[in-house]
Amino acid sequence: MKCFHCGGEMKRGKTTYTVNRKGYHLLIHEVPAWMCTQCGEVYFEGEEVDSIQEVIKSIDEKIGKLRRERVAVQ
Ligand SMILES: [Zn+2]
């Protein structure tokens, strides 16, 4: 696999995935990904992207629930 960015060699490795959502920041360590040995560009495969989306969806729901409950108590 070649890097789409610079044409360098891509290697399988693990990286930290960070996401900034409304109300929280999420860091997922050691997510499998393809990384360019030349420019450091990172690509996630569909399977990993799907899993990350599921995690985010789940946290969004739980945070929404948490906020509603907090508001109800006040
Ligand atoms: Zn590259």
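Computed from a predicted model, the values in this text were never measured in an experiment.

(A) Representation of the sheet that holds strand E1 (residues 10-21) within the structure. Read across the sheet, 3 strands follow the order E1-E2-E3 without closing on themselves; strand pairing throughout is antiparallel. Of all strands in the sheet, those bounded by a partner on one side alone are E1 and strand E3 (42-43). Relative to E3, strand E2 (residues 24-36) is paired through 2 bridges, and the arrangement is antiparallel. Paired with Met-35 across the two strands is Val-42, which belongs to E3.

(B) Local environment of the side chain of Glu-48. Structurally, the position occupied by Glu-48 is in helix H1 (residues 46-73). Discounting chain neighbours no more than four positions away, the residues touching Glu-48 are Arg-12, Val-31 and Pro-32.

Cut-off values and rules
- Residues numbered from 1 in each chain as written.
- Predicted model: local features only at pLDDT ≥ 70, side-chain atom pairs only at ≥ 80, totals over all residues.
- Heavy atoms only, no water.
- Pairing = 2+ DSSP bridges.
- Helix = DSSP H or I, 4+ residues; strand = E, 2+ residues; numbered from the N terminus.
- Contact = heavy atoms within 4.5 Å.

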